[in-house]
Amino acid sequence: MQWFLALYIIVNLLAAVICTTIAILVPQRIAQADWGFRLFALMTALWCATSGLFFLNHSLDDFWIWTGIQVFPYVTIPVLWFYFILQFTGDRTPPPVLLFLVPCLTLAIYWNPDWSSLMWSITEEDWLFGISIAHYERGSWFRFIHVPYSYALIVLGHGYLIRAMWQSRKNQSRPLFLLLLCGLTPLLLNILTLSPLYDPFRFFDLTPIGLSLSSVLFCWGLSHYQLLQRSPLAYQQIFASLKASILVVDPHYRLIEFNAAAEALLECTQDSIGASAKTLVTFLQASDWDQLKVRGQIEILALHQYFQVEQISIFRKQKLLGYILNILDITESRQLQEQILQGALLYDALTGLPNRTLFSDRLEQVIKYCNRDAESSFAIAFLDIDRFKIINDSLGHIVGDRVLMEVARRLQSCLRSEDTVARFGGDEFAILAANAHPRNIEFLCERLQQKIKEPIYLGTHQIVTSASIGIAFGSSQVSPDRLIQNADIAMYQAKANGRGTFSIFDQSLGSQTIHRMELEVSLRQALERKEFFLVFQPVIEISNRRLRGFEALLRWQHPEHGLILPSVFIPIAEEMGIIATLDGWALQTACQQLRQWQERHPRQNLTMSVNLSSANFMFANLVETIVQVLQATQVSGTSLKLEITESIVMKDPEASASVLEKLQAQGVGILLDDFGTGHSSLSYLHQLPLEGLKIDRSFVQEAQYSQQSMEIIKTIISLARGLKLNLIAEGVETDDQCQMLRELGCEFGQGYLWWRPLTEGDADRAIAEQLLSFRPLLKEP
């Protein structure tokens with residue numbers, strides 16, 4: 001029997017060492033069960049140790065010392081086990097004070113001589129195996145309070161484990177079953193120890209042996225299942241409740257697990273386990289999977305929704321175990337982004353007034369209303385601040401901006417709620433007065449001029465200015481653009497009559513019409529007389545200031561009127577129906593010039609951008625014409641970039657997409673010019689085969705003092721990145737603007753900071769010399 005006693009002592013001491021090691025070495029950052037598990041392991045070690053050392057006593061006093069120490073783990077382990085299980089499964093834990101109330105009373109009763117009989121009482125003293133043993137009888141507190149309470153906590157903890165196993169998936173229930181087994185083993189042995197059948201051997205408590213077996217099993221579970229690295233039930237609840245669709249796949253994209261969101265979106269079932277995720281996610285094409293593997297994240301438009309798909313690799317010891325596919329519906333955020341972008345593009349960044357786009361839209365609505373109500377009337381007024389350039393140049397742009405803001409405020413104060421005042425740019429404002437009699441309009445203009453003439457006090461500056469106003473009375477038979485043009489003509493007539501006045505447009509303002517007729521006649525002969533020529537605006541890579549290409553700009557050298565810019569003659573050419581001829585000549589000449597440069601400088605990989613007018617864009621033979629030019633000049637389609645405006649695309653998005661796809665098939669790159677200044681739809685933009693966007697110069701020049709313009713640029717850059725488009729910023733004039741664009745991630749730029757538009761000879765020298773550190777400001781021809 002002595003060998004059995006020795007084995008019993010060794011097993012208990014070994015179990016104590018194992019439990020102590022577990023409590024000390026398991027890092028707190030791994031164990032969600034924190035202090036509950038640690039105390040449980042330490043109390044288990046104490047129980048095992050005292051059960052072994054109990055047989056080393058030599059007197060009755062030693063017997064009571066070891067028994068007294070053993071009482072601590074004896075009464076606390078059930079509570080710690082229960083608390084540990086609640087933490088592990090993620091269930092709500094009651095206050096520890098409440099759970100430890102009965103154990104504390106048990107300890108108080110045991111250590112109080114007057115009450116100790118409630119726990120047990122000594123019946124006789126004896127010597128067994130050479131040690132002092134006291135036979136005792138269990139008291140009422142022990143039998144009716146301590147034992148039922150302890151068993152209730154242990155059984156309840158096992159109930160939580162069984163429920164967690166029931167709610168978990170198969171591959172997550174194994175760790176829970178192992179933990180259940182760890183709890184049942186000492187419980188069954190403890191029940192055997194307290195049973196009457198085992199009463200003659202009660203001093204050989206089997207519970208520590210069960211705890212030692214559970215400790216070994218638990219250590220195996222730590223390494224095999226990472227028992228304390230997560231709470232399986234809490235993990236499962238979080239995984240199931242995520243709004244994003246989550247797929248867990250192996251390295252070959254075979255499905256391992258999915259959550260409820262993926263089940264709803266992809267119609268996954270348990271039968272889908274083992275199937276290829278590439279067949280389940282039907283809206284991803286083969287090319288999308290390739291991009292996802294390389295980039296780790298993509299955004300796509302499918303099923304009339306925007307999705308963000310992210311792939312996260314799962315590694316263990318540098319071995320790839322699989323991937324987590326996170327599919328998130330970002331439709332709402334993209335729509336909100338579109339609304340923000342659209343809203344920002346409809347209002348002036350400086351004054352907060354509607355811009356030209358929104359003004360034109362409201363003007364169209366008023367014209368439609370006049371078509372339904374013949375008695376209604378309206379007028380528009382075009383207003384220009386007199387001598388504003390002097391204010392800007394002498395006092396600076398900051399003061400000039402504050403003047404514009406004050407003028408905007410005064411204009412708003414003079415108008416009715418149904419009227420609209422907009423800033424067209426610079427110092428130009430436009431007013432739309434609905435349901436207004438001509439006499440009322442004249443009275444309004446007089447009031448506006450009086451208000452604007454009042455001194456503006458800005459710090460130490462007192463600024464007095466005036467405004468010239470042109471009025472055009474509306475008609476349902478006149479287009480919005482023509483009405484604005486008429487008001488503009490009347491405004492210049494007001495300036496001619498003397499600043500600070502207003503003028504009403506009528507047909508007697510014939511000088512403009514005569515001048516226009518002269519331009520029409522000259523325009524028909526300009527090509528034959530070789531009055532047109534091209535200048536070339538360099539396109540610069542912002543990061544290293546290297547020349548990457550040119551934009552061809554058409555100019556007209558009139559023999560009498562001098563240099564005429566495209567903004568003057570292009571609208572006339574479109575109305576005359578000769579714009580296709582001009583565009584064809586510009587395209588042919590630009591490609592010929594590009595071919596010459598490519599032959600002289602073959603290593604430069606230069607590109608040429610050519611603007612397309614709205615009228616020419618919709619010509620049926622546009623694609624054929626461009627192909628013929630490319631073949632005739634021997635220029636690759638990849639070297640040619642065509643610039644179109646938002647307004648061209650939005651006239652007929654579907655037809656535009658068809659034309660652009662044919663051009664893209666020839667390798668021609670499409671750039672959306674002046675992006676952000678007109679109406680655009682992000683949904684159509686996503687569908688167009690674009691190569692890049694050009695940020696309008698107005699945003700670039702206002703970004704340094706307008707947070708709204710800065711946010712618009714950031715939004716455009718973010719949009720371009722999402723659509724994988726190149727970015728070219730126009731109108732870069734200062735180093736600060738260049739630095740800002742570089743920090744925001746804009747790749748290319750154009751502007752006077754590097755070069756003004758160059759003649760053929762100047763451009764040729766710029767290519768040859770690559771003087772990127774020297775920025776000559778050549779006068780524009």
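These numbers were taken from a predicted model, which means no experiment stands behind them. (Residues numbered from 1 in each chain as written. Predicted model: local features only at pLDDT ≥ 70, side-chain atom pairs only at ≥ 80, totals over all residues. Heavy atoms only, no water.)

Student: Just checking my understanding: could you explain the overall build of the protein chain for this structure?
Tutor: Of regular secondary structure, the protein chain possesses 30 helices and 23 strands. With 781 residues in all, the protein chain has 50% of them scored as buried. For the protein chain, the share of sequence-separated contacts (at least 6 apart) that also reach a separation of at least 24 residues comes to 63%. A total accessible area of about 38200 Å² is found for the protein chain, and carbon and sulfur atoms account for 56% of it. (Helix = DSSP H or I, 4+ residues; strand = E, 2+ residues; numbered from the N terminus. Buried < 20%, exposed > 50% of the residue type's maximum accessible area, 1.4 Å probe, protein only. Contact = heavy atoms within 4.5 Å. Areas by Shrake-Rupley, 256 points an atom, 1.4 Å probe, with all protein chains shown as cover.)

Student: Quick question: what am I supposed to make of the side chain of Thr465 here?
Tutor: One can find Thr465 in the loop between β12 (461–463) and β13 (467–473). Residues in contact with Thr465, not counting those within four places in the same chain, are Ile385, Asp386, Ile391, Ile452 and Lys453.

Student: Which parts of the structure should I look at to understand the packing of helix α5 (residues 101–111) against helix α6 (residues 140–167)?
Tutor: The angle between the axes and the distance between the axes are what describe a pair of packed helices. Across the interface, α5 lies against α6 with an axial gap of 10 Å and an inter-helix angle of 150°. Of the possible angle classes, the one that applies to α5 and α6 is roughly antiparallel. Of the two elements, α5 crosses α6, and the hand of that crossing is left-handed. From α5, Val102, Pro103, Leu105, Thr106 and Ile109 reach across to α6, where they touch Trp141, Ile145, His146 and Tyr149. Along the lines of polarity and charge, the residues of the contact of α5 with α6 split into 7 nonpolar, 2 polar and no charged. (Axes fitted to C-alpha atoms, helices over the stretch in contact; angles between N-to-C directions. Parallel < 35°, antiparallel > 145°, perpendicular 65-115°, else oblique. Left-handed = near helix turned anticlockwise from the far one by under 90°. Nonpolar A, V, L, I, M, F, W, Y, C, P; charged D, E, K, R; others polar.)

Student: Any chance you could explain the packing of helix α23 (residues 622–633) against helix α25 (residues 653–665) here in plain terms?
Tutor: Running from N to C, α23 and α25 cross one another at 20°; their axes reach a closest spacing of 10 Å. Classified by the angle their axes make, α23 and α25 are roughly parallel. Our pair here, α23 against α25, has a crossing hand that is right-handed. Taking contact as the criterion, the partners of Leu622, Val623 and Ile626 in α23 are, on α25, Val659, Lys662 and Leu663. Of the residues contributing to the contact of α23 with α25, the split by class is 5 nonpolar, no polar and 1 charged.

Student: Would you mind going over the pattern of salt bridges with me for this structure?
Tutor: Any two side chains of opposite charge can pair, so long as their charged atoms come close to each other. Counted under the stated rule, the structure contains 18 salt bridges. It is possible to trace a salt-bridge network through shared partners that takes in Glu551, Glu643, Lys694 and Glu730. (Salt bridge = Lys/Arg side-chain N within 4 Å of Asp/Glu carboxyl O.)

Student: How do you make sense of the packing of aromatic side chains when you look at a structure like this?
Tutor: Given two aromatic rings, one states the distance between the centres and the angle between the planes to describe the pair. A complete count under the given rule lists 15 aromatic pairs for this structure. Relative to Tyr74, the ring of Trp47 has its centre 5.3 Å away and its plane inclined at 75°; by these criteria the two rings are edge-to-face. Of this pair, Trp47 sits in helix α2 (residues 34–53) while Tyr74 sits in helix α3 (residues 60–89), placing them 27 residues apart in sequence. For the residue pair Trp47 and Tyr74, the accessibility class agrees, reading buried in each case. The structure contains a cluster of three or more aromatic residues connected by ring pairs, namely Phe532, Trp556, Phe569 and Trp585. Above the ring of Tyr253, the side-chain terminus of Lys278 is found at 4.9 Å from the ring centroid. Across the ring face of Tyr752, the terminal group of Arg756 is positioned such that the distance to the ring centre comes to 4.0 Å. (Phe/Tyr/Trp six-rings, centres within 6.5 Å; stacked < 30°, edge-to-face > 60°. Lys NZ or Arg CZ within 6 Å of the ring centre and 35° of its normal.)

Student: Can you help me understand the pairing of strand β8 (residues 378–385) in this one?
Tutor: Where a strand is regular, its side chains alternate between the two sheet faces. In terms of burial, β8 is a largely internal element, 8 of the 8 residues being buried. Here β8 shows two buried faces, one formed by Phe378, Ile380, Phe382 and Asp384 and the other by Ala379, Ala381, Leu383 and Ile385. Examined bridge by bridge, β8 and strand β10 (residues 428–434) share 7 bridges and lie antiparallel to one another. Considered in β10, the bridge of Asp384 is made with Glu428. Examined bridge by bridge, β8 and β13 share 7 bridges and lie antiparallel to one another. Bridge pairing in β13 links Leu383 to Ile469. (Pairing = 2+ DSSP bridges.)

Student: Can you help me understand a nonpolar patch on the surface in this one?
Tutor: Taken together, the side chains of Leu184, Leu188 and Ile191 define a hydrophobic patch exposed on the protein surface, amounting to about 250 Å² of accessible area. Tracing the sequence through the fold places Ile191 in helix α7 (residues 170–194). The partly exposed category is assigned to Ile191, whose relative accessible area is 41%. (Patch = residues over 30% accessible without salt bridge, like charges linked within 9 Å, V, L, I, M, F, W, Y side chains within 5 Å.)

Student: Where do I start with the nonpolar core in this structure?
Tutor: One broad rule of soluble globular proteins: the nonpolar side chains tend to lie buried together. Judged by nonpolar contacts, the single largest core of 85 residues is most densely connected at Leu642 and Leu693. In contact with Leu642, other than residues within four places in its own chain, are Leu587, Val610, Leu612, Ile626, Leu663, Val668, Gly669, Ile670 and Leu671. In terms of nonpolar packing, the next biggest core, distinct from the first, is built from 36 residues, Trp81, Ile109, Tyr110 and Leu180 among them. (Core = buried A, V, L, I, M, F, W, Y, C linked by side-chain atoms within 4.5 Å.)

Student: Is there a simple way to explain the sheet that holds β10 in this structure?
Tutor: In sheet architecture, strand pairing relies on hydrogen bonds along the backbone and comes in two forms, parallel and antiparallel. Pairing within the open sheet is mixed, and its 5 strands lie in the order β9-β10-β8-β13-β14. Each having just a single partner strand, β9 (420–425) and β14 (502–504) make up the two edges of the open sheet. Each neighbouring strand pair of the sheet contributes to a mean axis angle of 20°, computed without reference to strand direction. Along the sheet, helix α17 (residues 438–453) makes contact with β8, β10, β13 and β14, crossing β13 at roughly 165°.

Student: Just to check I follow, could you spell out helix α28 (residues 707–723) for this structure?
Tutor: Side chains that are three or four residues apart share a direction in an α-helix, a result of its 3.6 residues per turn. In a regular helix each residue adds 1.5 Å, so 17 residues correspond to 24 Å; α28 covers 24 Å between its end C-alpha atoms and thus fits that length. Taken residue by residue, α28 has Ser709, Met710, Ile712, Ile713, Thr715, Ile716, Ile717, Leu719, Ala720 and Leu723 as its buried positions. (Expected span 1.5 Å × (residues − 1).)

Student: So what exactly am I meant to see when it comes to the confidence of the model for the protein chain here?
Tutor: Parts of the model with low pLDDT should not have their predicted coordinates read in detail. Residue-level pLDDT values for the protein chain average 80, and 83% of them are 70 or greater. Below a pLDDT of 50 lies the segment residues 27–33, which in the model reaches 13 contacts outside its immediate sequence neighbourhood of four places, other chains included. Across residues 771–781, confidence stays below pLDDT 50; counting only partners more than four residues off in sequence or on other chains, it has 30 contacts. (pLDDT = per-residue confidence, 0-100.)

Student: Help me out: how do you make sense of the environment of Leu153 in this one?
Tutor: Along the chain, Leu153 falls in helix α6. You can call Leu153 buried: its relative accessible area is 7%. Measuring from C-alpha to C-alpha, the distance between Leu153 and Tyr83 comes to 9.0 Å, with 70 residues separating the pair along the chain. Leu153 has contacts with Pro78, Val79, Phe82 and Leu99, leaving out every residue within four places of it along the chain.

Student: Is there a simple way to think about unusual backbone geometry in this case?
Tutor: Trans peptide bonds make up the majority, and among non-glycine residues the majority have a negative phi. Non-glycine residue Arg545 carries a positive phi angle of around 60°. Following the sequence through the fold, Arg545 ends up in the loop between β15 (532–541) and β16 (546–558). A positive phi angle, close to 60°, is found at Lys724, a residue other than glycine. Inspection of the secondary structure assignment puts Lys724 in the loop between α28 and β22 (726–729).

Student: Teacher, can you tell me more about the environment of Tyr151 here?
Tutor: Structurally, Tyr151 is set in helix α6. Along the backbone, Tyr151 and Ile191 are 40 residues apart, and their C-alpha atoms lie at a distance of 9.4 Å. Setting aside chain neighbours within four positions, we find Tyr151 in contact with Leu187, Asn190, Ile191 and Leu194.

Student: Is there a simple way to explain helix α12 (residues 286–295) in this structure?
Tutor: Those residues of α12 that fall on the buried side of the exposure criterion are Asp288, Trp289 and Leu292. Buried residues of α12, seen end-on, are gathered within an arc of 100° and therefore sit on one face of the element. In this structure, α12 carries Ala286, Asp290, Lys293 and Val294 as exposed residues pointing more than 90 degrees from its buried face. Directly after α12, the chain includes Gly296, whose backbone phi takes a positive value near 85°. (Arc of directions from axis to C-beta.)

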